Amino acid sequence: MPNYTFQLNGETVTVDAPADLPLLWALRDKLGVTGPKYGCGIDVCKACTSHLDGAAINPCVTPTADVAGREVTTIEGLAGTWSDDPDELHPVQEAWLERDVAQCGYCQPGQIMAAVALLRRTSNPTDADIDAIENVCRCGSYSRIREAIKAAAARM
Amino acid sequence: MSLGTPEHDIAEPAREHSRRRFLTFLVAAPTLAVAARIGADGLAPASAQAAVPSLPAPAEILDLGDALILAAAPTANLIVVTVDETGRVGLALPRAEVGQGITTAVGMLIADELDVGLDQVDVTLADARPELVFNQLTGGSNTIRSVYGPVRAAAAQARARLLAAAAARWGTAPSVLSVSAGVVTGPGGRSATYGELSAAAADPGLSVVLATPKPPSAATLVGTPTNRVDARRMVTGQMEYTLDLDVVPGALPTMVRRPPTINGTVRSVQNEAAVRAMPGVVDVVTVATGVAVLAETFGQALAGKEALEVTWGPGTVDGESNATIQQKLRAATLPFVVPPLLTTTVDAEFDFAMVSHAPMETNSAIADVRRDRAEIWSGLKSPIVAQQTIAAELGLPQSAVTVHVTQGGGSFGRRLFFDAALEAARISKAAGKPVKLMWSRIDDMRHGRARAASFHRIRATVAAGQVLTFEHRVASGETDTKHGLGEILTAVAASLPVGGNLSFAQTIFLTTVHSPYQLGATTHLLNEVPLQMHTGSWRSVYSANTRGAEEVLIDEIAAKLGKDPVTFRREFLKSDRFRAVLEKVVTEGQWGRSMPRGTAQGIAFHAEYKSCTACLVEVDATDPRAPRVTRATIAADVGRVINPRGLESQLIGGLTDAIGTTFRAGLHIDAGLPLEGSYSQFHYTRQAESPLRTSVFVVPSDGEPGGAGELGVPAAVGAVANAYARATGTKPRSFPINFPVDFDPFPR
Ligand code: FES
Ligand code: FES
């Protein structure tokens, strides 16, 4: 099997995987990085949302080969993109805590990564921008997600 | 650990809980451990409230949660509060955390009672504990209701022991001591931490004062909006769900190829050798539910299972589709009992499609089955039944099967069933290897559990501005309750004030469904049609459909009597407590404000599990095929609130469920299988369909806590449907309202 080397949450990793193995499984089953969740495997639920070179991707449909030489950030590495202090969280994570968004929490890594990607594109998102986030929250925490995104935008 | 003798008969403050008393026990242990029974030792059903023109329905006297509490009472054991030598307070909760925030709420109860910070309390989920018999079931919105008394009693007694130990050490009376943040302070500035006192407090010879849980007025944390204790782990990706656990070295990612129709069987596998030769595939085994592929990664297990060529035997409902199911339900609907009167009737019939539970985390389990023992990890709400069934299936004694309860990624009733745990055990046994089993989303929707379809026939007779009779007949696909709930209810059913031989389902129906209105002679009857499908209780069980439909009809009855929906409810609700909740949303949600064409307000009310709620929504249905709830106002009275912020989450979740299932989310059964296989097809609410403004008001109330986990759905279903009806000038009769097959189904 081929080897692929990429940056993962600030560290260089090499994974031995078939070229077409979805990145989600390279991360979860080979590298033990379990923050990105499986919810559908076909780019519908967005529970796996992570970042490739800072923009949102869905690792369940991203072949591992595609990320070679690039920079992958999962929820575990998000705070590190903001601050070197290991105790400090990303402002979006802080907003999520403040608004007590999470219920079962399963969708929330993906929700947070999608929100961060949105705030990188637009610093002051409108309701329509937030509506465009397709991530499913089966617990129905949408109203707090909306509030948390606005709170984080105000803070950043 | 062995049990000591009962320490004290702990009296609750008389006004609040005179009918509930909890024994506590010192559990012999190196450090302090105090136990209390779950279930109320002295619980008797509350007597019916005022004399009313409608006789009280069974659920008003004894509801499902009461029944679960009563059934659990004789099983004695036990909830145990521990204080270790570092001063940390612990409790292993025999319930499931699936997002409802119970570990936070229970931690708050303990922190207040013991005068420690919430961050000093660890509430974990207990493994299956067969000695709890029926007492380890998370359902019927009963967690807080069933553990509220015993947790506080045990914590209060633990505090009394710690104070007694400090008093003995310093030669003073416990009454002069004070506690803050787990540090006991005495005369002359002496102090000791709970950790330092823990061993002495566990001495059975210690003489201890009577402990009484604090009255609500002494609460510091309980009743205060509090954030979830597990939130930080969730937002940093550290929270471990079943398949994130690294507990069995070498456990192989496993997925199952399932039949093209529900309950189909495996006849033969054509290409097993070819699939075994695929990259990463380690093993292929056939089990009762399909053909399992074990691989190095889930990606490879998925590719392997998709490549399998299998010949299948028929399933159990191959001839069924939504239309045939609807016909069967109509044919099975029981007749009305009130004879036709010379008055006006308001009649309606409602259809509700099946609805997938669809929790974000698909069905999953880890199983490590060896010759002489087995160990299982899964998000389970009925772990004891799981343990018993798996042991029997594997031919092992129950004591050789360990079942760990992991935190679940949502449930909504789904995790009452342990099918993933059982299937994982079968696969592990057949392959002789430990496995991590994950269901694909498609399988989770097509072969997983769902709320049964239901048909409703409702008739009200009205005359002279009054409602004389109200009759509701429900025919439903059978709702599977074979997870132990049935056994509990059998024990209690005999004491129900209803006659005849009730099925489990009828008992659940009658212990959850009642009308909150004075509608004259009121009857509710359920008939179930046996359809061999994978059904199960879905958040609020029968109430979402039954009460949702009734709230639609209430608007129509009001219209027939020439009354505004709010005026009618005000006049016909049974109690002032109900009216207070209604008035809250009327005021806060600005009922009656002028709305543009194509938009409208809708309102509804629901009472259940000793709680009640009202919901007022505004719907924009300018495009009737793409309606949106733009604003929602919810009020609830749930008795004493432990965590208002958690309650708010539950009510918002119930609203979101109602929006989805009322407008778009349902399953089309077609030739024995749901067509839906993902969230692109099963249209559960997304951000773009959720309200831009949502406000939740908790109406202050005392009395013991009522249920809250399921409360929010029925009123929201009624409010959303009523708003849509008013905005579009239609009468919604079939749910979801917009339900085309607007996708290409995945291959079977
Ligand atoms: S798992 Fe990646 S989008 Fe659903
Ligand atoms: S918090 Fe449970 S799915 Fe979003």
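The shown structure was predicted, so the numbers you read here are calculated from the model rather than taken from an experiment.

Draft legend 1. Geometry of the packing of helix H5 (residues 143-170) of chain B against helix H6 (residues 194-201) of chain B. Residue and element names in this part refer to chain B. The interhelical angle for the contact between H5 and H6, taken along N-to-C directions, is 90 degrees, at an axis separation of 8 Å. As the angle between them shows, H5 and H6 are arranged roughly perpendicular. In this structure, H5 uses Arg159, Arg161, Leu162, Ala165, Ala166 and Arg169 to contact H6, whose residues at the interface are Tyr194, Glu196, Leu197, Ser198, Ala200 and Ala201. Residues of the contact of H5 with H6, tallied by class, amount to seven nonpolar, one polar and four charged.

Draft legend 2. Just the packing of helix H16 (residues 543-560) of chain B against helix H20 (residues 712-728) of chain B, in detail. Residues and elements named next belong to chain B. At a minimum axis distance of 8 Å, the contact between H16 and H20 shows a crossing angle of 40 degrees. By the angle between their directions, the pair H16 and H20 is classed as oblique. Judged by the twist between their axes, the crossing of H16 over H20 is right-handed. Between H16 and H20, the contacting residues are Ser543, Ala544, Arg547, Gly548, Glu551, Val552 and Asp555 on the first element and Val713, Pro714, Val717, Gly718, Ala721, Asn722 and Arg726 on the second. Of the residues assigned to the contact of H16 with H20, the class counts are six nonpolar, four polar and four charged.

Draft legend 3. Focus on a negative patch on the surface. Together, Asp84, Asp85, Asp87 and Glu88 of chain A make up a region of like negative charge exposed at the surface. Turning to its location among the elements, Asp85 of chain A is positioned in the loop between helix H2 (75-82) and helix H3 (91-98).

Draft legend 4. Region of interest: the domain arrangement of chain A. All names here are of chain A. Each domain of chain A was delimited in the assignment, giving domain 1 (3-79) and domain 2 (84-155). Between the C-alpha centres of domain 1 and domain 2 the distance comes to 20 Å. Opposite the 17 residues of domain 1 that make contact, domain 2 presents 16 residues. Counting the surface lost from both domain 1 and domain 2, the interface buries some 1400 Å², and carbon and sulfur atoms represent 65% of this. Run the count over domain 1 and domain 2 and you get zero salt bridges. Where domain 1 touches domain 2, the interface holds six residue pairs in polar contact (both at pLDDT 80 or more). Where the side of domain 1 that touches domain 2 is concerned, the elements lending two or more residues are strand S3 (50-52) and H2. For the side of domain 1 that touches domain 2, the leading source of residues is H2, giving three residues.

Draft legend 5. Seen up close, the side chain of His683 of chain B. Residues and elements named next belong to chain B. Take His683: it is sitting in the loop between strand S29 (673-674) and strand S30 (693-698). A distance of 3.3 Å separates the side chain of His683 from the side chain of Arg664, its partner in a polar contact. Look past the residues within four positions of His683 in its chain and what remains in contact with it is Gly660, Arg664, Ala665 and Asp742.

Draft legend 6. Region of the structure containing the interface of chain A and chain B. On the chain B side, the residues contacting the 49 residues of chain A number 60 residues. Between chain A and chain B, the buried area comes to about 4500 Å², and carbon and sulfur atoms account for 57% of it. Taking the shortest distance from any N to any O, the salt bridge between Arg138 of chain A and Asp657 of chain B comes out at 2.9 Å. For the side of chain A that touches chain B, the secondary structure elements donating two or more residues are helix H1 (23-30), H2, H3, helix H4 (108-121), helix H5 (127-131) and helix H6 (142-155) of chain A. Looking at which element gives the most residues to the side of chain A that touches chain B, the answer is H6 of chain A, with five residues. Residue classes in the side of chain A that touches chain B are distributed as 27 nonpolar, eight polar and 14 charged.

Draft legend 7. Inspection of helix H11 (residues 383-394) of chain B at higher detail. All names here are of chain B. Taking 1.5 Å per residue as the helical rise, H11 with its twelve residues ought to reach 16 Å, and the 16 Å between its terminal C-alpha atoms agrees with that figure. Among all positions in H11, only Pro383, Ile384, Val385, Ala386, Gln387, Ile390, Ala391 and Leu394 are buried. As for H11, its buried residues are in contact with strand S17 (364-369), strand S18 (374-378), strand S19 (401-405) and helix H12 (419-431). Note on H11: the residue one or two positions beyond its end, Gly395, has a positive phi of about 70 degrees.

Draft legend 8. Molecular detail of the packing of aromatic side chains. Applying the stated criterion across every chain yields a total of seven aromatic pairs over all chains. Measuring from ring centre to ring centre gives 4.1 Å for Phe568 of chain B and Phe572 of chain B, while their planes differ by 10 degrees; the resulting arrangement is stacked. Residue Phe568 of chain B and its partner Phe572 of chain B are located together in helix H17 (residues 565-572), separated by four residues, close to a single helical turn. The burial state of Phe568 of chain B is the same as that of Phe572 of chain B; both residues are buried. Aromatic ring contacts, followed pair by pair, group Trp25 and Tyr38 of chain A together with Phe298 of chain B into a single cluster. Cation over ring: Arg449 of chain B sits above Phe417 of chain B, and NZ or CZ is 3.7 Å from the ring centre.

Draft legend 9. Molecular detail of unusual backbone geometry. In this structure, Pro736 of chain B follows Phe735 of chain B across a cis peptide bond, with omega equal to 0 degrees. For Pro736 of chain B, the location among the structural elements is in the segment after strand S31 (734-735). The phi angle at Asn9 of chain A is positive, at roughly 50 degrees, despite the residue not being glycine. Not every positive phi belongs to a glycine, and Asp115 of chain B is a case in point at roughly 55 degrees. Looking at where Asp115 of chain B falls in the secondary structure, it is placed in the loop between helix H4 (102-114) and strand S6 (121-125).

Draft legend 10. Fine view of the nonpolar core. Residues and elements named next belong to chain B. Of all hydrophobic cores here, the largest spans 52 residues; its most connected members are Leu91, Val106, Ile110, Leu114 and Val184. Listed by contribution, the elements that provide at least two residues to this core are strand S3 (32-36), strand S4 (79-83), strand S5 (89-93), H4, S6, H5 and H6. Ranked by residues supplied to this core, first place goes to H5 with 17 residues. If sequence neighbours within four positions are ignored, Ile110 has contacts with Val89, Leu91, Val121, Val123, Val151 and Ala155. In this structure, Met239, Met445, Val529 and Tyr679 belong to the second largest nonpolar core, which totals 41 residues.

Draft legend 11. Examining empty space enclosed by the protein more closely. All names here are of chain B. Under the counting rule described, the total for this entry stands at 13 cavities of 30 Å³ or more. In this structure, the second largest cavity spans a volume of roughly 110 Å³. Only strand S22 (454-463), strand S23 (466-477) and H16 provide two or more residues apiece to the lining of the second largest cavity. Class assignment for the residues of the lining of the second largest cavity results in five nonpolar, eight polar and one charged.

Rules used in this analysis
Residues numbered from 1 in each chain as written. Chains lettered and ligands numbered in written order. Predicted model: local features only at pLDDT ≥ 70, side-chain atom pairs only at ≥ 80, totals over all residues. Heavy atoms only, no water. Axes fitted to C-alpha atoms, helices over the stretch in contact; angles between N-to-C directions. Helix = DSSP H or I, 4+ residues; strand = E, 2+ residues; numbered from the N terminus. Parallel < 35°, antiparallel > 145°, perpendicular 65-115°, else oblique. Contact = heavy atoms within 4.5 Å. Nonpolar A, V, L, I, M, F, W, Y, C, P; charged D, E, K, R; others polar. Left-handed = near helix turned anticlockwise from the far one by under 90°. Patch = residues over 30% accessible without salt bridge, like charges linked within 9 Å, V, L, I, M, F, W, Y side chains within 5 Å. Areas by Shrake-Rupley, 256 points an atom, 1.4 Å probe, with all protein chains shown as cover. Salt bridge = Lys/Arg side-chain N within 4 Å of Asp/Glu carboxyl O. Lys, Arg positive; Asp, Glu negative; His and termini not counted. Charge placed at Lys NZ, Arg CZ, Asp CG, Glu CD. Domains from an automatic or database assignment. Buried area = accessible area lost by both parts, 1.4 Å probe. Polar contact = N/O pair within 3.5 Å; in protein donor to acceptor, adjacent residues only side chain to side chain. Expected span 1.5 Å × (residues − 1). Buried < 20%, exposed > 50% of the residue type's maximum accessible area, 1.4 Å probe, protein only. Phe/Tyr/Trp six-rings, centres within 6.5 Å; stacked < 30°, edge-to-face > 60°. Lys NZ or Arg CZ within 6 Å of the ring centre and 35° of its normal. Core = buried A, V, L, I, M, F, W, Y, C linked by side-chain atoms within 4.5 Å. 1 Å grid on protein atoms, 1.4 Å probe; cavity = no way out; pocket = protein on both sides within 12 Å on 5 of 7 lines; lining within 4 Å. Points joined across faces, edges and corners; volume = space filled by probe spheres on them.

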